[in-house]
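# Inside the fold
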Amino acid sequence: MSNTSPLVTKKALGFAGLAALGACAACCALPLLVAAGIGGGTLSALAGLIRPGADLLVAGGVGVSILAVMAFRARTRRAAACDVACAVEGTCGCGPVDQPSLLSTPSPRAGEPIVCTADLKDKPTVRGQLDGYRAAFAHLRRVEPFEGGVRWVFSSRPGLAAELTNLAGNEHQCCSFFKFDLQTVGDTIVWETRAGKEAARVLEEFARLPERLSQHAPGSEVEPIKEAIGGAGLTFAAEMSSSK
């Protein structure tokens, strides 16, 4: 359903009609004022310019001009609101916004276990993923929590879209209880991560990944991050199998 509102409202039409009526009345009154000797030479000169039917032309011109001004102002206000509301959501009644989707992973199944299947002993793979995040976060503009998820907004640069898509794809392979959506919005790349209520605490900890990586030097961050996200409720499949 479209949320568009008309550029010309009943209120605007009413104002234009009143203005046109006033212009028409003014044109008609000039000859009467001159005949009564009111206004002197200036009104006499104006009255001399008025021809039969000119009052209707003036009134019509005034009405059209007022409608044009009101329509322009309405369009400007709507465009300004659209710039804000459509920044991420896609549309706001002002038409579609060009937002190429980079990645959209499937939503978690009902009862999806809050388990990470990554092999943390595969240090080159783990190191590559964390280094990829660290490099990407150098372009992070802001973090925006929202109901049921978190949004990372990155400044776009050549190659970053592919890097983020690869990171999110890898993350979803081991943590399928998350849903990832990546898209370009203007000069930014927006990464959204969602999770069910049962994984809310894990999601909150995942949202802190930029902060966690900034707190620890490369090579020393795996254990602190693992401890923090494990404390939030994430279980590691490798540890489950080894404990049996």
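Quick caveat, the model's predicted, so the values are computed rather than measured. (Residues numbered from 1 in each chain as written. Predicted model: local features only at pLDDT ≥ 70, side-chain atom pairs only at ≥ 80, totals over all residues. Heavy atoms only, no water.)

### Describing the packing of aromatic side chains
Keep this limit in mind: Only Phe, Tyr and Trp rings are paired, with Trp represented by its six-membered ring, and only when their centres lie within 6.5 Å; those with planes under 30 degrees apart are stacked, over 60 edge-to-face, the remainder tilted. Comment: the charge-over-ring label is applied if NZ (Lys) or CZ (Arg) is within 6 Å of the ring centre and within 35 degrees of the ring normal.
As enumerated under the stated definition, the model contains 13 aromatic pairs in all. Within the aromatic cluster, the residues linked to one another by ring pairs are Tyr133, Phe137, Trp152, Phe154, Phe177, Phe178, Phe180, Trp191 and Phe206. Positioned above the aromatic ring of Phe236 is the side chain of Lys226, whose terminal nitrogen or guanidinium carbon lies 5.6 Å from the ring centre.

### Here's the deal with the layout of surface pockets
The condition that has to hold: Lining residues are defined by having an atom within 4 Å of a point belonging to a cavity or pocket. Those points lie on a 1 Å grid over the protein atoms alone, cavities being sets where a 1.4 Å probe fits but cannot get out and pockets being open sets with protein on both sides within 12 Å along at least five of seven lines. Grid points are joined across faces, edges and corners, and a volume is the space filled by probe spheres set on the points. Strands are runs of DSSP state E lasting at least two residues, helices are runs of H or I lasting at least four, and both sets are numbered from the N terminus onward. Basically, the charged four are Asp, Glu, Lys and Arg, the nonpolar ten are Ala, Val, Leu, Ile, Met, Phe, Trp, Tyr, Cys and Pro, and anything else, Gly included, counts as polar.
Estimated volume of the largest pocket: approximately 600 Å³. Ala118, Leu120, Gln129, Glu171 and Cys174 are, among the 28 residues lining the largest pocket, the residues nearest its centre. Where the lining of the largest pocket is concerned, the elements lending two or more residues are helix H4 (123–137), helix H5 (160–174), helix H6 (200–207), helix H7 (209–215) and helix H8 (222–231). Considering only residue class, the lining of the largest pocket consists of 17 nonpolar, four polar and seven charged.

### Focus: H5
Condition: Each helix should span, by expectation, one fewer than its residue count multiplied by 1.5 Å. Each residue is assigned to one of three classes by its accessible area relative to the maximum for its type, calculated with a 1.4 Å probe on protein chains only: buried under 20%, partly exposed between the two thresholds, exposed over 50%. The arc under discussion is defined with respect to the helix axis, by the directions toward the C-beta atoms.
Here H5 spans 22 Å end to end across 15 residues, near enough to the 21 Å set by a 1.5 Å rise per residue. Restricting attention to buried positions, one finds in H5 the residues Leu160, Leu164, Leu167, Ala168, Glu171, His172 and Cys174. For H5, the angular spread of buried residues about the axis comes to 165 degrees, placing them on one side. In H5, those exposed residues whose orientation departs by more than 90 degrees from the buried face are Ala162 and Gln173.

### Considering the side chain of Glu192
Note the cut-off: A 3.5 Å cut-off defines polar contacts: any pair of N or O atoms within that distance qualifies, except that in protein one atom must be a possible hydrogen donor and the other a possible acceptor, and neighbouring residues in sequence count only when both atoms are side-chain atoms.
Position of Glu192 relative to the elements: it lies in strand S6 (residues 188–194). Assessed through its relative accessible area of 8%, Glu192 is described here as buried. Reaching out from Glu192, the side chain makes a polar contact with the side chain of Arg151 at a distance of 2.7 Å. At a separation of 2.9 Å, a polar atom in the side chain of Glu192 contacts the side chain of Arg194.

### Describing the pattern of salt bridges
We count it as follows: Throughout this description, the term salt bridge denotes a Lys or Arg side-chain nitrogen within 4 Å of a carboxyl oxygen of Asp or Glu.
The full count for this structure, using the stated rule, is 14 salt bridges. The salt bridge involving Arg151 is made with Glu192; its shortest N-O contact spans 2.7 Å. Linking Arg151 in strand S4 (residues 149–155) with Glu192 in strand S6, this pair joins segments that are 41 residues apart in sequence. Salt bridges sharing partners connect three or more residues here, namely Arg142, Glu144, Arg151, Lys179, Asp181, Glu192 and Arg194.

### With respect to the nonpolar core
To keep it simple, the criterion reads: Nine residue types can take part in a nonpolar core, namely buried Ala, Val, Leu, Ile, Met, Phe, Trp, Tyr and Cys, and a core is a set of them joined through side-chain atoms within 4.5 Å. Throughout, a contact is declared for two residues whenever any of their heavy atoms are within 4.5 Å.
In terms of nonpolar packing, the biggest core is built from 36 residues, with Tyr133, Trp152, Phe154, Leu164, Phe178 and Trp191 touching the most fellow members. If you list the elements that add at least two residues to this core, you get H4, S4, H5, strand S5 (179–185), S6, H6, H7 and H8. Beyond its immediate sequence surroundings of up to four residues, Trp152 is in contact with Tyr133, Phe137, Leu140, Arg142, Val143, Ile189, Val190, Trp191, Phe206, Ala207, Leu209 and Pro210.

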